[in-house]
Amino acid sequence: MDSDEITFTIDGKAMTARAGETLLQVASRNGISIPTLCHDERVTKTTSCFVCVVKHVQSGRFVPSCAATPQRGQDYESSSPAVYEMRQTALNLLLSEHTGDCESPCTIACPAHAQVEEYVRAGRKGDFRESLRIIKERIPLPISIGRVCPRFCEKDCRRNLNGLPVAINEFKRLAADLHYEDYMEELPPLGDKKVAIVGAGPAGLAIAYFLRREGISSYIYESMPMPGGMLRYGIPEYRLPKALLNKELAHFDKMGGISIYCGTTLGKDIHLETLQREYDAVAIAIGCWQASSMRCDGEELAQDGIVWLGKIALDNWTGENPKKTIVIGGGNTAMDCVRTAIRLGSDEVSCFYRRTENEMPAEQIEIDEAREEGVNFEFLTAPIRLEKKGKLLRLTCIKMELGEPDASGRHRPVPVEGSEFSVEADTVIAAIGQKTDAPSGLKTNKWGDIDVDSADLCMSDNIYSAGDCVTGAATVVEAVAAGRKVAIAIADRFSKRVHEEPETINASRGHWRSMAKDSLVTLKEVSDEARMVLQQISIDARRTTFDEVTVTADKTLVSMEGERCYECACTSRDTCKLKQHSETYSAKPDAIGGERLVLNCDTRHPVIIHDRNKCIKCGICIKICNEVIEKTLLGYKNRGYLTEVGTAYDMAFPASCAECMSCVEACPTGALDRRHKL
């Protein structure tokens, strides 16, 4: 043995260090991965982040491995629970002063976690085929969802700070309308595994789609005459033309490996035990088709909203004039019912809802369009009795007032004593909610929905379930997201992979409602134009036909809309070491509370951005500039809690920095970065 070599142990493994070598260098040479944020071989030791700590067993002390040199006979731990906890604490401390958007608020808000900012950017550049590719990574039904999505993304869009949100859904709709028929995913060959899926609605179709992308065949059994579920039988033609739905579903046949058998009911034509025996896995995605009770006398005289819509759908959106119609409920199904009644010829349609318009769960655009089409709204009104009166129905109601908030956060409606009144109608439709009609033999929860493990949506060894039958009535995009989760869980099981939801963090600048306008960070010139407006057919056509209400916008208009996007996500979200290590060690941005400084973001340089809110003061940029480039452009400013990294006299970075970029390449958090979004 060389007399200069030092023998010691890490995690019980004997190692040899050369004189002057650090613990980090020795560990790396021996295949032991130790995280670090402030280490760079080109500069002198910093030891500022403390993320690379190891434990000196003999003394019990934690030491930064990037600077500590081993001594003969010493023993160190690099992967013990104590070391894990110490690294987690160090990362929590760093995150407590780190503010940025790891992901854009719109993407986080999307239940399917589609990369919203990315497909909007592609559309802004006019590449709607690329938009469609990004969309279909998470959303297999973009034609439909581009029309019926409640736009969770737009509700969290930061453009709300300065007017109206970006019209995000129009990018999805246009990309699908332009390229859906000529687009095909890159698909692996099919393997020998096969999955039975019960239900050809959004969740079942999503399961089949994402299984096919894993090379797994699926066989879908659907009780209705045609596939589509709520897309076909619950969403009216004027919102989603069924010719477009048929075009969308034809793609599943083109992909191969997906077979759909309609008119086949679980428990009647097929049985769960048979499916379990004949297939490698079974997925239940039967939807939520049982109407909820109005809980009033004579409610059997009312039509069930979802059943009523289904009958009209089966008749190709034709039917008898319901004449004077009252719809009970305030959700999207209620809006579908009142607007359908108008189109069937009723000249007097009312919607009764027990709370106010502010509490209605329906989308505001649906309420507004219903009102434009002539629907009358009666708020703070609840039914208490329904009875026959000759050929008519007499509905007795009571007025309500709002009390304390209930479990949903909405104010509980309380009856007003002595306020009963009656009204007559030809048709009364109950659209107050839906429940799951679970097949016998499946475990259900207290709400009657199918009970599954939250981690992988599995009920037993090879039975999974997803969609409304698990969550209760929700949205198409939420059903699609759940379908993808099931498909990945099944694929993991087939591949004998441990199924785990990936650990993710999101350091956020905050929700737009709590932000000041001057705290926005923009890396490009943002358009101040008003939000685009979709063209609609005439009000007469809306009232008398089931033609689609809105017209898909053209490429020029949608691309211009993309110029309104702030592009909020961090430029370094895919390379940020702080994010990567924090996810590995389950560190959280909110683990340590307290007020955070709000610092400015320097975007004066045409190539480099300097966002001080993301800076963790590791000092790497200062040392790189000083010791490697031999310049002194950067340094620490102020002292203590107010310390920040910046240029002298807050000068802009010189133009020559664009040719160097060494500090940008070394920054572990994106505080210094390229303006590559442009």
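**Considerations on the overall build of the chain**
- Check the secondary structure of the chain and you find 22 helices and 26 strands.
- Taken over the C-alpha atoms alone, the chain extends approximately 105 × 60 × 55 Å along its principal axes.
- For the chain, buried positions account for 54% of its 678 residues.
- For the chain, the exposed surface amounts to about 30500 Å²; the carbon and sulfur share of it is 49%.
- Distance between charge centroids for the chain: 2 Å, based on 84 positive and 98 negative side chains.

**As for helix H15 (residues 364-372)**
- Within the span of H15, buried status applies to Glu366, Ile367, Glu369 and Ala370.
- Packing partners of the buried residues in H15 comprise helix H14 (332-343), strand S14 (376-378) and helix H18 (539-544).
- Backbone geometry just after H15 places Gly374 at a positive phi near 110 degrees.

**Quick look at the sheet that holds strand S22 (residues 601-602)**
- Reading across from one edge, S22-S23-S26 is the order of the 3 strands in this open sheet, with antiparallel pairing throughout. This sheet does not close on itself; its edge strands, each paired only once, are S22 and strand S26 (672-674).

**Comments concerning the state of the cysteines**
- Scanning the entire structure with this criterion turns up 0 disulfides.
- No disulfide involves Cys458; its nearest neighbouring cysteine sulfur is the one of Cys469, lying 14 Å away.
- Cys615 provides the cysteine sulfur closest to Cys621, a residue in no disulfide bond, and the two sulfurs are 6.1 Å apart.
- Residue Cys621 is classed as buried on the basis of its relative accessible area of 11%.

**A short note on the sheet that holds strand S12 (residues 325-328)**
- Taken together, 5 strands build an open sheet; the order of strands is S11-S19-S12-S13-S14 and the sheet is parallel. With one partner strand each, in any of the chains shown, strand S11 (303-304) and S14 form the two edges of the open sheet.
- Summarising the sheet, S12 and strand S19 (residues 427-430) pair through 4 bridges and their orientation is parallel. In the sheet register, Ile326 faces S19, and the bridge partner there is Val428.
- Sheet strands touched by H14: S12, strand S13 (349-352), S14 and S19. Its angle to S13, the strand with the most contacts, is close to 170 degrees.

**Thoughts on the environment of Glu77**
- With respect to the helices and strands, Glu77 occurs in strand S5 (residues 75-77).
- Residues Glu77 and Gly331, 254 residues apart in the sequence, show an inter-C-alpha distance of 58 Å.
- Apart from the residues within four sequence positions on either side, Glu77 is in contact with Asp11, Val54, Lys55, Val57 and Val83.
- Here Ser80 takes part through its side chain, which lies 2.9 Å from a polar atom of the side chain of Glu77.

**Observations concerning the packing of aromatic side chains**
- According to the stated counting rule, one finds 11 aromatic pairs in the structure shown.
- On the numbers, 5.6 Å between centres and 50 degrees between planes, the contact of Tyr219 with Tyr279 is tilted. Note that Tyr219 is positioned in strand S7 (residues 217-221) and Tyr279 in the loop between helix H12 (272-278) and strand S9 (281-284), a separation of 60 residues in sequence.
- Assessed through its relative accessible area of 24%, Tyr219 is described here as partly exposed.
- Judged by centre distance (5.7 Å) and plane angle (45 degrees), the rings of Trp317 and Phe546 are tilted. Note that Trp317 is positioned in the loop between helix H13 (305-314) and S12 and Phe546 in the loop between H18 and helix H19 (555-562), a separation of 229 residues in sequence. Of the two residues, Trp317 and Phe546, both sit in the buried class.
- Over the face of the ring belonging to Phe152 we find Lys155, whose NZ or CZ atom lies 5.8 Å from the ring centre.
- Positioned over the ring face of Tyr238 is Arg343, at 3.9 Å from the centre of the ring.

**Details of the packing of helix H4 (residues 116-124) against helix H8 (residues 168-179)**
- Across the interface, H4 lies against H8 with an axial gap of 10 Å and an inter-helix angle of 65 degrees. Put simply, H4 runs roughly perpendicular to H8. In this structure, H4 meets H8 at a crossing whose hand is left-handed. Between H4 and H8, the residues in contact are Val116, Tyr119, Val120, Gly123 and Arg124 and Ile168, Phe171 and Lys172, respectively.
- Residues that form the contact of H4 with H8 fall into these classes: 5 nonpolar, 1 polar and 2 charged.

**A closer look at the domain arrangement of the chain**
- Examined at the domain level, the chain breaks down into domain 1 (6-79), domain 2 (105-183 + 522-562), domain 3 (194-288 + 436-495), domain 4 (294-432) and domain 5 (577-674).
- Each of domain 1 and domain 5 was reduced to a C-alpha centroid, and the two centroids are 26 Å apart.
- Taken together, the contact pairs 12 residues of domain 1 with 14 residues of domain 5.
- For the pair domain 1 and domain 5, the two sides together bury roughly 1100 Å², of which 62% comes from carbon and sulfur.
- When the buried area of domain 1 at its contact with domain 5 is split by residue, Leu37, Arg42 and Val43 rank highest and sum to 50% of it.
- Applying the counting rule to domain 1 against domain 5 returns 0 salt bridges.
- Across the contact surface, domain 1 and domain 5 share 5 residue pairs in polar contact (both at pLDDT 80 or more).

Parameters and conventions
Residues numbered from 1 in each chain as written. Predicted model: local features only at pLDDT ≥ 70, side-chain atom pairs only at ≥ 80, totals over all residues. Heavy atoms only, no water. Helix = DSSP H or I, 4+ residues; strand = E, 2+ residues; numbered from the N terminus. Buried < 20%, exposed > 50% of the residue type's maximum accessible area, 1.4 Å probe, protein only. Areas by Shrake-Rupley, 256 points an atom, 1.4 Å probe, with all protein chains shown as cover. Lys, Arg positive; Asp, Glu negative; His and termini not counted. Charge placed at Lys NZ, Arg CZ, Asp CG, Glu CD. Contact = heavy atoms within 4.5 Å. Pairing = 2+ DSSP bridges. Disulfide = S-S within 2.5 Å. Axes fitted to C-alpha atoms, helices over the stretch in contact; angles between N-to-C directions. Polar contact = N/O pair within 3.5 Å; in protein donor to acceptor, adjacent residues only side chain to side chain. Phe/Tyr/Trp six-rings, centres within 6.5 Å; stacked < 30°, edge-to-face > 60°. Lys NZ or Arg CZ within 6 Å of the ring centre and 35° of its normal. Parallel < 35°, antiparallel > 145°, perpendicular 65-115°, else oblique. Left-handed = near helix turned anticlockwise from the far one by under 90°. Nonpolar A, V, L, I, M, F, W, Y, C, P; charged D, E, K, R; others polar. Domains from an automatic or database assignment. Buried area = accessible area lost by both parts, 1.4 Å probe. Salt bridge = Lys/Arg side-chain N within 4 Å of Asp/Glu carboxyl O.

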